[in-house]
Amino acid sequence: DTAVSQTPKYLVTQMGNDKSIKCEQNLGHDTMYWYKQDSKKFLKIMFSYNNKELIINETVPNRFSPKSPDKAHLNLHINSLELGDSAVYFCASSQEYSLNTEAFFGQGTRLTVV
Amino acid sequence: GNSVTQMEGPVTLSEEAFLTINCTYTATGYPSLFWYVQYPGEGLQLLLKATKADDKGSNKGFEATYRKETTSFHLEKGSVQVSDSAVYFCAAGDNFNKFYFGSGTKLNVKP
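Residues numbered from 1 in each chain as written. Chains lettered and ligands numbered in written order. Predicted model: local features only at pLDDT ≥ 70, side-chain atom pairs only at ≥ 80, totals over all residues. Heavy atoms only, no water.

Colleague: Quick rundown of the overall build of chain B? Include the residues and the values.
Modeller: When its secondary structure is counted, chain B shows 0 helices and 12 strands. For chain B, the sequential pattern of α-helices and β-strands runs β-β-β-β-β-β-β-β-β-β-β-β. Once the C-alpha set of chain B is aligned to its principal axes, its extents read approximately 40 × 25 × 20 Å. Across the 111 residues that make up chain B, the buried fraction comes to 48%. Across chain B, contacts joining residues at least 24 apart in sequence account for 53% of those joining residues at least 6 apart. Charged side chains in chain B number 10 positive and 11 negative. The centres of these two groups are separated by 4 Å. (Helix = DSSP H or I, 4+ residues; strand = E, 2+ residues; numbered from the N terminus. Buried < 20%, exposed > 50% of the residue type's maximum accessible area, 1.4 Å probe, protein only. Contact = heavy atoms within 4.5 Å. Lys, Arg positive; Asp, Glu negative; His and termini not counted. Charge placed at Lys NZ, Arg CZ, Asp CG, Glu CD.)

Below you can see the structure in the form of structure tokens.
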């Protein structure tokens, strides 16, 4: 059983298109995240949701809109894709508000905008 | 704000060599500290963690000790294997569930 699963694993699309990445966790966690990893492997947090509520929004363009239909799902929708959006996007989850918790990551979605 | 700094790679070692990857953090309060490993084409996996000062995290021969006085959490392994080749991330987590990652250090182990 995959703890944090995201789809698709690869996504190639043209500039200007709108696309979505889906994420689901079966760990019963309250908090979910989206991270962006650039070509130099640097990981930057984009969003964090706790029980379907937005907690962290780190200066991400408005073209990126997370949606959490329930606490087990956090989807990422991207409008008007740009070349600079090409990256690997990771979904993650963790237990709520505990220092003794770690983040569990999905396998990543490699987005290529052409 | 909180941040994590780790040594830049790539680090290239021969099999059975000793590994150290340095990591320091800045934080308000006392964060939990983590090392994650990312194998090619995969997501990040937790390697080890420590939640308070002087705690030592260990797993698969890797160790790191939470040093409050030097705000460090250096990763060490006494004898690396080719299968340890990966990118290693140091991270700090605060009690608001925010995780701060270092820039990653790529390790290449040659036979």
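Colleague: Can you break down the sheet that holds strand β7 (residues 56-59) of chain B residue by residue, with the values?
Modeller: All names here are of chain B. Sheet architecture is open: 4 strands sit in the order β3-β9-β8-β7, paired in antiparallel fashion. Looking along the sheet, the strands with just one partner apiece sit at the ends: β3 (19-21) and β7. Along the sheet, successive strands turn relative to each other by an average axial angle of 15°, direction set aside. Where β3 lies against strand β9 (residues 75-77), 3 bridges are found, and the strand directions are antiparallel. Pairing of Thr20 across the sheet is with Glu76, part of β9. (Pairing = 2+ DSSP bridges. Axes fitted to C-alpha atoms, helices over the stretch in contact; angles between N-to-C directions.)

Colleague: Residue-level account of the state of the cysteines, with values.
Modeller: With the rule as written, the count across this model stands at 2 disulfides over all chains. Across the disulfide, A:Cys23 is cross-linked to A:Cys91 (sulfur-sulfur distance 1.8 Å). Judged by the sign of its S-S torsion, about -80°, the bond between A:Cys23 and A:Cys91 is left-handed. One end of the pair, A:Cys23, is in strand β3 (residues 19-25); the other, A:Cys91, is in strand β9 (residues 87-94), and 68 residues separate them in sequence. The disulfide bridge from B:Cys23 ends at B:Cys90, spanning 1.9 Å between sulfur atoms. Here B:Cys23 and B:Cys90 share a disulfide; its torsion about the S-S bond, -70°, makes the bridge left-handed. Taken together, the positions of B:Cys23 in strand β4 (residues 23-26) and B:Cys90 in strand β10 (residues 86-93) put the pair 67 residues apart, joining distant regions of the chain. Taken as a pair, B:Cys23 and B:Cys90 share a single burial class, namely buried. (Disulfide = S-S within 2.5 Å.)

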